[in-house]
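Notes for the structure review
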Amino acid sequence: MPRTRWWMHCASLDATTWSIFAALTNPALRLHPLNGILPEGWEQAAAFPDEVVYREYKVAYSPMVFVRSAPSAASELLGARRAGELVATTGRGLDGWVEILGGGWMLVDAERQLIGRGKGALLEPVGPPWPSPSAPSGATDATADAAAAAAAAPAALAATPG
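Summary of the structure given here.

The next thing to look at is the overall build of the protein. For the protein, the count of helices and strands is three helices and seven strands. Overall, the protein shows an N-to-C arrangement of helices and strands of α-α-β-β-β-β-β-β-β-α. When burial is assessed residue by residue, the protein has 23% of its 162 residues classed as buried. In the protein, the proportion of contacts linking residues at least 24 apart, taken out of those at least 6 apart, comes to 57%. Approximately 11200 Å² of the protein is accessible, and the part contributed by carbon and sulfur atoms is 59%.

Quick look at the structure:
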């Protein structure tokens, strides 16, 4: 009778169990928990996008483009916009996604996603771009808001009759 290895009887174990086993048997291996579908700090990064975000886009892909709850194809589906519809944005963007007014995120170019390759541009810019924001180094959302308020304060004071 052929001798079987103990691990051959473990075929029904899931990936989490195998990850724990690997971590326990290899002290050099470091595992990190996956707590969400987006990386930590994505909201701050979206407030200071690396790419140009336009004020308005036209849905170019037919029959429609999905609206998601976050800038990821793995996030909750909120709805869709039909080809030809205009969508206004908030100025936030992340990795080819733009946040739209009224809530939700839309992917601008399907070539940025593996499963969308070959579909091309989903949205076409029709409005002017938002001004490019510059993030203070090491700023958090709260410090960026405070910096914006502080910059606006002198103008508000100058406009106050006194």
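The pairing of strand 1 (residues 56-59) with strand 4 (residues 86-94) spans three bridges and is classified as antiparallel. Paired with Y57 across the strands is V87, a residue of strand 4. Relative to strand 5 (residues 97-100), strand 4 is paired through three bridges, and the arrangement is antiparallel. When the bridges of strand 5 are listed, L94 appears paired with W97. In textbook terms, the turn of a hairpin is the stretch between consecutive antiparallel strands, and for strand 4 and strand 5 this stretch comprises two residues, one of which, D95, has a positive phi near 50°.

Another point: unusual backbone geometry. Following S62, the chain continues into P63 via a peptide bond in cis, with omega recorded as 15°. Mapped onto the elements of the fold, P63 is located in the loop between strand 1 and strand 2 (64-68).

Our next topic: the pattern of salt bridges. Under the definition given, this model contains one salt bridge. Salt-bridge contacts for R92 lead to E99; the nearest nitrogen and oxygen are separated by 2.7 Å.

Before going further, it helps to examine the side chain of S72. For S72, the location among the structural elements is in the loop between strand 2 and strand 3 (77-82). Of the polar contacts made by the side chain of S72, one reaches the backbone nitrogen of A74; its length is 3.0 Å. Discounting residues that sit within four places of it in the chain, S72 has contacts with I37, L38 and W97.

This part covers a nonpolar patch on the surface. On the surface, a cluster of nonpolar side chains totalling about 260 Å² of accessible area is made up of M64, F66 and L77. Tracing the backbone shows F66 in strand 2. Residue classification places F66 among the partly exposed positions, given a relative accessible area of 43%.

What counts, and at which threshold
- Residues numbered from 1 in each chain as written.
- Predicted model: local features only at pLDDT ≥ 70, side-chain atom pairs only at ≥ 80, totals over all residues.
- Heavy atoms only, no water.
- Helix = DSSP H or I, 4+ residues; strand = E, 2+ residues; numbered from the N terminus.
- Buried < 20%, exposed > 50% of the residue type's maximum accessible area, 1.4 Å probe, protein only.
- Contact = heavy atoms within 4.5 Å.
- Areas by Shrake-Rupley, 256 points an atom, 1.4 Å probe, with all protein chains shown as cover.
- Pairing = 2+ DSSP bridges.
- Salt bridge = Lys/Arg side-chain N within 4 Å of Asp/Glu carboxyl O.
- Polar contact = N/O pair within 3.5 Å; in protein donor to acceptor, adjacent residues only side chain to side chain.
- Patch = residues over 30% accessible without salt bridge, like charges linked within 9 Å, V, L, I, M, F, W, Y side chains within 5 Å.

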